[in-house]
Number of protein chains: 4
Amino acid sequence: MSTEFAELAQRTRDFIDGVVIPREADARGEHGAPDQLRLELQQAAKDAGLFAPHVGLEFGGLGLDMRGQAVVFEQAGRSLLGPLALNCAAPDEGNMAMMEKIATPAQQAQFLAPLAAGEIRSCFAMTEPAPGAGSDPTALRTTATNTAEGWRIDGEKWFITGALGASLMIVMARTSPRGATMFLVDADNPGIEVAEVIDTIDKASPGGHSRIVFDNCLVGEERILGAVDKGFEYAQVRLAPARLTHCMRWTGLASRALEIAIERVSRRELFGSPMAELGMAQKLVADCVIDLEASRALIDRTAAQLDGGLPSARLASSVAKVFCSEAAFRVIDSSIQLCGSDGIVTAPLGQFLAEVRPFRIYDGSNETHRWSIARHTVRAQKS
Amino acid sequence: MSTEFAELAQRTRDFIDGVVIPREADARGEHGAPDQLRLELQQAAKDAGLFAPHVGLEFGGLGLDMRGQAVVFEQAGRSLLGPLALNCAAPDEGNMAMMEKIATPAQQAQFLAPLAAGEIRSCFAMTEPAPGAGSDPTALRTTATNTAEGWRIDGEKWFITGALGASLMIVMARTSPRGATMFLVDADNPGIEVAEVIDTIDKASPGGHSRIVFDNCLVGEERILGAVDKGFEYAQVRLAPARLTHCMRWTGLASRALEIAIERVSRRELFGSPMAELGMAQKLVADCVIDLEASRALIDRTAAQLDGGLPSARLASSVAKVFCSEAAFRVIDSSIQLCGSDGIVTAPLGQFLAEVRPFRIYDGSNETHRWSIARHTVRAQKS
Amino acid sequence: MSTEFAELAQRTRDFIDGVVIPREADARGEHGAPDQLRLELQQAAKDAGLFAPHVGLEFGGLGLDMRGQAVVFEQAGRSLLGPLALNCAAPDEGNMAMMEKIATPAQQAQFLAPLAAGEIRSCFAMTEPAPGAGSDPTALRTTATNTAEGWRIDGEKWFITGALGASLMIVMARTSPRGATMFLVDADNPGIEVAEVIDTIDKASPGGHSRIVFDNCLVGEERILGAVDKGFEYAQVRLAPARLTHCMRWTGLASRALEIAIERVSRRELFGSPMAELGMAQKLVADCVIDLEASRALIDRTAAQLDGGLPSARLASSVAKVFCSEAAFRVIDSSIQLCGSDGIVTAPLGQFLAEVRPFRIYDGSNETHRWSIARHTVRAQKS
Amino acid sequence: MSTEFAELAQRTRDFIDGVVIPREADARGEHGAPDQLRLELQQAAKDAGLFAPHVGLEFGGLGLDMRGQAVVFEQAGRSLLGPLALNCAAPDEGNMAMMEKIATPAQQAQFLAPLAAGEIRSCFAMTEPAPGAGSDPTALRTTATNTAEGWRIDGEKWFITGALGASLMIVMARTSPRGATMFLVDADNPGIEVAEVIDTIDKASPGGHSRIVFDNCLVGEERILGAVDKGFEYAQVRLAPARLTHCMRWTGLASRALEIAIERVSRRELFGSPMAELGMAQKLVADCVIDLEASRALIDRTAAQLDGGLPSARLASSVAKVFCSEAAFRVIDSSIQLCGSDGIVTAPLGQFLAEVRPFRIYDGSNETHRWSIARHTVRAQKS
């Protein structure tokens, strides 16, 4: 790690430990931090020169590449509030990254600028309830029809993170038999209803995860993001980095869980636990360290490939996603075990486990990624 | 399994599926079912001839031995409300079993009878906050002093399940440098304060888990359970069966989680999932089945040893506890994975995961049991 | 376990420890014990009243049911020579069991009697090289044609255990488009060639695993085992119990591996290993004990179902096969780890690992069993 | 990876595939390749410009740093003969690296030059039979006494790889109550006896693993390597890189095992295996890819730390050793499973499993490394 990155990581860590973690108790309850707290923390991050690390300088960010993000996002992830404070939480972070690449200057001025500044929140409305689906455009049931009044979006989305309270929705809709298009839609469009906030085990995402209904939702031509029928290509562009930034943040949370557990185990030693039990605790600690180090190594390696624009980055990001999501879960689970009955108290480790669990499912379930990794590997060998 | 047990298991299953599960939606929220719902379900269980399966006939139960309990409790455990309905939930169930063995007839009439009838709830107040502890009497900090006004209990207990709302507390207190004694204490004793209900990840136990403070809590001689200074011996008598009944109930919940997942996966097949992903789903299903079958086999084998009064039952119950607690967690975790994003919806699978997680920690952490298993095995081989 | 079984298990254990294990050094090298050693040990087993425990009394055995075999075979399996000594090694043991059920009295007199007495060895020639196959008769390429000179068998078999040195071959051949038939064939039939003994990692089976070529191999009508075209039904009858007796024997070998490791770890303690390392050793020991106990519990449960003729036995035997084969491998692998560099010395633990590895593949690969378990479970739930 | 490294890796791979692997059949049997074959392959490697990649240019090598070695050694490790061909096999490779750093020019001319040229072989004689030991000098029982005739070495070493056939032995002996010293000893010294070649499960190391007895082994002052009493410090210098080069080579062998398995699975598809089994195969393949990629990422990260001389490299090398040794074992084990019965044929996968197994034990057992990782982590957090 370069000296510059190391210094930035340390500053981020100090900010999280000194400013963010002390506010965690204020964010208990449903759906993450209240807006007021989020804005306060964002101001503090701006003051500390740590705001929007992934965003280009022209939009007020630090302009870090993926390897730089890796070191900062891990530190930010040590608190569930950290990514909010630095304005690098999902789904905003991935939306900003995609808009920097493909939005028009006018779109950037209208939507990216306030998003990068933390003034608004956004969501990414792609997933649909079964049997609607992932990468197969023909399975996408939400449609956008070019009418005299503009593009009319109709359909239903499911598990859309952050929809409640978002000002901007990036909506994927089918625009031809084989193609889909992304639209930038104002959340107050009368054709949109956030029909239900799903009661899930994770609670920390602002706005939670919602079902959204689009019914005669009309948008103008200027709201097309990129080109018509290219939506799935852009989604791929968004997915690999977004997957990796998830890995960074969750690795940070897992490392904090382990620190909490070590802190507690160390105290117990003072009173004398049986040495043999200590040996089992050391096994758990060592396995956590190995998981965290392997996660970091995979993240760094994948980030370098993404920064270099290598085609191998896509497979690497699948590998990292599967490994890091399972490693973070194992580390937090073991940290709970190390803490004994204190571990099942909701705050903080009990909540950490609930927050990290879904990552093995979203961003492509680990089974789907394994299938993709295997198929790619077999095909590459055959060719 | 005998025909009689098989028939009883089927009747229990039908009762849980037909009567209890439909009421689950009424028990959402903190700390399990409201009293009214519990009493309704208990009446239904009485009507169905399934009430208090572990309790002797003279107290209105079915008088089943451990092997019989194994088949009924697993079915009861399929719903978090099931053990409440059948009045075989922890900690009441273990308290009843112990009182049947060691309480005086007067104590049984006063406390066991209403407990067996579901009229009151109870708790078992042994665990203390660190550095107070488990099986070492000298580490027990709560004391009972024989005074002119009776036994005076002073101290603090921690993670006492069901204390809030209990009428009866069985309290373990140190009564001599090397000995501890159990007392039957009315919960409305002015020397008792339920100081805090701990916010834990599991929510289904009525009353949750509490911190209790005993301050000049006075009880009479007639409230001694068993003999003075024999408390830890009785605790051992209580622990091995109580540990195994936990295994039974959680195996039931895990088996229901898998059923829910299979039901969902089967529906998805209709719409056609990729066959390869199906193969990975089948791997998950098969591993769950293997875990469940091995759990049942270990439970049955340990139950037979407990019924036969074999000394090997203690080691067997440690083995069963470690295996079943980890297997149930794996099965529920895999069931969530099988369901995809539906799996992380709180009800029911998300909650199941949170409810089962603590079982790897309480009743002796799995690390402590492993230490005990290893030490016993090495010593047995050497002798 | 009944007193009778416990006494028999203890006698078997004493015999293995006192008589068989001291001869292990004489059986080093390829393909198990030399015939002379095998015959000596078999005589000793006869003298000890432990010979042929699974065989009916009329053929000189002990007539044990599956639950009885479970306790004796585990003890026998503690040495790789043990099953040979007791004449209960695969594939002879499974062949005897099948012939007791379906051979004619004349066939039993001619083939089963000397096999049960240990005078001859046999093999079971079903498996064929890819793409020939398992349970699909149409994939079976070896044919038996009814000609004027008798049934003429032509084809090739692969991985046939014990073929070299066997006097009797039970050969499965296709006799109609949808059916296969078993034949009792003398190994000295001029139409049979043991073309190759495959160099596999396991070395302890007498005769190893061979490729056999049948070329104009003529046998009479009286050599049909059971009925024409019913071969696959008999194979199913043979497979479930044969699978379970493998579990019994390998569980025995694994338990001996752990004893060897504990013996060595205990000695090291004398010289003082770091306590923390000891804790990790205890974790390994405990996990081995849990694996062994769960294996025994599954074996016992499945044996009871087989003894009772329950249809559930087939699924149970698949579950037991997968679990026990993986558990035995883990236990031996961990025992090696516990022994440090001594563990990788070939005799005995290094060899044990090589011997047990194939069990996850033969008798149906664990993947095939998992597929079958999942499919059965899903179908059973749907119906 | 830089273009230069990528090109070198590809050339190495081509050399291994085209020149080395075709000769594997000539190296069957005990203790690796015969000398003649080794010399032929080394000449071919010299001709290909791939010889001694880790050795400085002045000794005829390629002068690669650890990151460069990482890419070449992995490719070399794809065949058990590859490291021999490139003269980068253990223990010679680690001995060369250490001698480049601490030997005198005269010692380098006499010993390092012929070793680097492949003219002689060497061994590293540190380990002793229990209770002699690792890093504790007082536990070292082999002594070197400064006498009138020179230093007299007496003692016994155990599990010394490559001793048989080595010309040079680097011997660690206690030279003061708290210190040990390394000596460069000619193997034909009359005071040395290779008393036993241990029969271990791995067979590919030239010379195998031996017990050596030193009895009045006299060497001159000029044979001291480095400074008196500094032996354990040098051992630490040797260990971290040597550990990592093991990771590189075994990762290469594991990746080849997977290629063999994929090749076989792909062929089977042609004949149609059940799709569901294919799904389980894909799970195995994906998990292998993840293990290999995480191994590579950890190796690369640790190599960078070693190249940079960072103190963190020691912990990183422990983490890499534990992860890579277990990952390589899992990958080869899964590759066997993927191949079905072909997998247990000795050549090549059966042998690969036996060769890789010891790596979880030597170079510090994984339990010792875990203990060290945990202790370091806890202490670092406390400070």
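Residues numbered from 1 in each chain as written. Chains lettered and ligands numbered in written order. Predicted model: local features only at pLDDT ≥ 70, side-chain atom pairs only at ≥ 80, totals over all residues.

Attention now goes to the overall build of chain A. Along chain A, the regular secondary structure elements total eleven helices and eight strands. Taken along the three principal axes of its C-alpha coordinates, chain A extends 75 × 55 × 40 Å. Burial analysis of chain A (383 residues in total) assigns 58% to the buried set. Sequence separation of 24 or more characterises 74% of the internal contacts of chain A that already satisfy a separation of 6 or more. (Helix = DSSP H or I, 4+ residues; strand = E, 2+ residues; numbered from the N terminus. Buried ≥ 20, exposed ≤ 12 C-beta atoms within 10 Å, placed from the backbone. Contact = placed C-beta atoms within 7 Å.)

This part covers the pairing of strand S5 (residues 179–186) of chain D. All names here are of chain D. Counting buried residues in S5 gives six out of eight residues, a clear majority hidden from the surface. Bridge analysis of strand S4 (residues 168–176) against S5 gives eight bridges, and the strand direction is antiparallel. Bridging from a neighbouring strand, Met 172 pairs with Met 182 of S5. (Pairing = 2+ DSSP bridges.)

Turning to the interface of chain A and chain B, a few remarks are in order. In this assembly, 34 residues from chain A lie in contact with 34 residues from chain B. When residues of the side of chain A that touches chain B are traced back to their parent elements, those giving at least two are helix H7 (231–271), helix H8 (275–307), helix H10 (346–356) and helix H11 (366–382) of chain A. Of the residues belonging to the side of chain A that touches chain B, the class tally is 17 nonpolar, nine polar and eight charged. (Nonpolar A, V, L, I, M, F, W, Y, C, P; charged D, E, K, R; others polar.)

Turning to the domain arrangement of chain A, a few remarks are in order. We note that the domain assignment places domain 1 (3–89), domain 2 (122–229) and domain 3 (232–382) within chain A. On a C-alpha basis, the centroid separation for the pair domain 1 of chain A and domain 2 of chain A is 28 Å. (Domains from an automatic or database assignment.)

Further remarks concern the confidence of the model for chain A. Taken over all residues, the pLDDT of chain A has a mean of 92, while the share at 70 or more is 94%. Reported for the predicted complex are a pTM of 0.95 and an ipTM of 0.95. (pLDDT = per-residue confidence, 0-100.)

Further remarks concern helix H3 (residues 66–76) of chain D. Taking burial as the measure, the eleven residues of H3(D) include ten buried ones, the bulk of the element. Three or more residues of H3(D) are buried, namely D:Met66, D:Gly68, D:Gln69, D:Ala70, D:Val71, D:Val72, D:Phe73, D:Glu74, D:Gln75 and D:Ala76.

Ranked by size, the top nonpolar core spans 527 residues in total, and within it A:Phe183, B:Phe183, C:Phe183 and D:Phe183 carry the most contacts. A total of 17 residues in this core trace back to one element, the largest contributor, which is H7(A). With near-sequence residues (within four places) excluded, A:Phe183 lies in contact with A:Ala144, A:Trp151, A:Ile153, A:Val171, A:Ala173, A:Val219, A:Arg223, A:Ile224 and A:Leu225. (Core = buried A, V, L, I, M, F, W, Y, C linked by C-beta atoms within 7 Å.)

Here the focus is the environment of B:Met169. All names here are of chain B. In this fold, Met 169 is placed in strand S4 (residues 168–176). What makes Met 169 buried here is the crowd of 26 C-beta atoms within 10 Å. The spatial distance from the C-alpha of Met 169 to the C-alpha of Ala 6 is 35 Å, given a sequence separation of 163 residues. Once residues within four sequence positions are removed from consideration, Met 169 is found in contact with Ser 122, Cys 123, Ala 125, Ala 163, Val 185 and Ala 187.

The next subject is the relation of the copies chain A and chain B. Overlaying chain A with chain B gives an RMSD of 0.1 Å, the required rotation being 180 degrees about an axis along which the chain moves by 0.0 Å. Put plainly, the chains are arranged around a two-fold axis. When each C-alpha of chain A is compared by its distance to the rotation axis, A:Ala354 comes out closest, at 3.9 Å. Looking at chain A, 100% of its interface residues are interface residues in chain B too, so the copies touch through the same face. (Least-squares fit on C-alpha atoms with pLDDT ≥ 70 in both.)

Before going further, it helps to spend a moment on the pairing of strand S3 (residues 150–161) of chain C. Residues and elements named next belong to chain C. Examined bridge by bridge, strand S2 (residues 143–147) and S3 share five bridges and lie antiparallel to one another. Bridge pairing links Ala 144 to Ile 153 in S3. As defined by bridge partners, S3 adjoins strand S7 (residues 209–219) across eight bridges and the pair is classed as antiparallel. For Glu 156, the partnering residue across the bridge sits in S7 and is Val 213.

Our focus in this paragraph is the packing of helix H5 (residues 92–102) of chain D against helix H6 (residues 105–116) of chain D. Residue and element names in this part refer to chain D. Where H5 meets H6, the axes come as close as 10 Å, and the angle between the chain directions of the two elements is 150 degrees. The orientation of H5 relative to H6 falls into the category roughly antiparallel. As for the relative orientation of H5 and H6, their crossing is left-handed in sense. Residues Asp 92, Asn 95, Met 96, Met 99 and Glu 100 of H5 pack against Gln 107, Gln 108, Phe 111, Leu 112, Leu 115 and Ala 116 of H6. (Axes fitted to C-alpha atoms, helices over the stretch in contact; angles between N-to-C directions. Parallel < 35°, antiparallel > 145°, perpendicular 65-115°, else oblique. Left-handed = near helix turned anticlockwise from the far one by under 90°.)

Attention now moves to the environment of B:Ala163. Residue and element names in this part refer to chain B. Inspection of the secondary structure assignment puts Ala 163 in the loop between strand S3 (150–161) and S4. Since 26 C-beta atoms lie within 10 Å of it, Ala 163 is described here as buried. With 31 residues separating them along the chain, Ala 163 and Val 194 place their C-alpha atoms 7.2 Å apart. Beyond its immediate chain neighbours, meaning those up to four positions away, Ala 163 contacts Cys 123, Met 169, Val 194, Gly 207, Ser 210 and Ile 212.

Between two packed helices, what matters for the description is the angle formed by their axes and the separation of those axes. Residues and elements named next belong to chain C. One way to put it is that helix H9 (residues 313–339) packs onto helix H11 (residues 366–382) with a least axis distance of 10 Å and a crossing angle of 140 degrees. By the angle class used here, H9 and H11 are oblique. Every pair of crossing elements has a handedness; the one defined by H9 and H11 is left-handed. Contacts from Leu 315, Ser 318, Val 319, Lys 321, Val 322, Ser 325 and Glu 326 of H9 reach H11 at Asn 366, His 369, Arg 370, Ser 372, Ile 373 and His 376. Split into classes, the residues belonging to the contact of H9 with H11 amount to four nonpolar, six polar and three charged.

Moving on, we come to unusual backbone geometry. In most cases, non-glycine residues show a negative phi, while peptide bonds are predominantly trans. Of the consecutive residues B:Ala90 and B:Pro91, the connecting peptide bond is found in the cis state with omega at -5 degrees. With respect to the helices, strands and loops of the structure, B:Pro91 is situated in the loop between helix H4 (82–85) and helix H5 (92–102). With a phi close to 65 degrees, A:Phe159 is a non-glycine residue in the positive phi region. By the secondary structure assignment, A:Phe159 is in strand S3 (residues 150–161). Non-glycine residue A:Asp363 carries a positive phi angle of around 60 degrees. Relative to the assigned elements, A:Asp363 resides in the loop between H10 and H11.

Residues and elements named next belong to chain C. For helix H1 (residues 3–20), with 18 residues, the first-to-last C-alpha span of 24 Å sits near the 26 Å given by 1.5 Å per residue. Within the sequence span of H1, burial applies to Leu 8, Thr 12, Phe 15, Ile 16, Val 19 and Val 20. Down the axis of H1, the sector holding all buried residues measures 105 degrees, keeping them to one side. Away from the buried face of H1 by more than 90 degrees, exposed residues Thr 3, Ala 6, Glu 7, Gln 10 and Gly 18 are located. Each element contacted by the buried residues of H1 is listed here: helix H2 (35–47), helix H3 (66–76) and helix H4 (82–85). (Expected span 1.5 Å × (residues − 1). Arc of directions from axis to C-beta.)

All names here are of chain C. Along the chain, the position of Val 71 falls in helix H3. We classify Val 71 as buried; it has 27 C-beta atoms within 10 Å. With 185 residues separating them along the chain, Val 71 and Arg 256 place their C-alpha atoms 14 Å apart.

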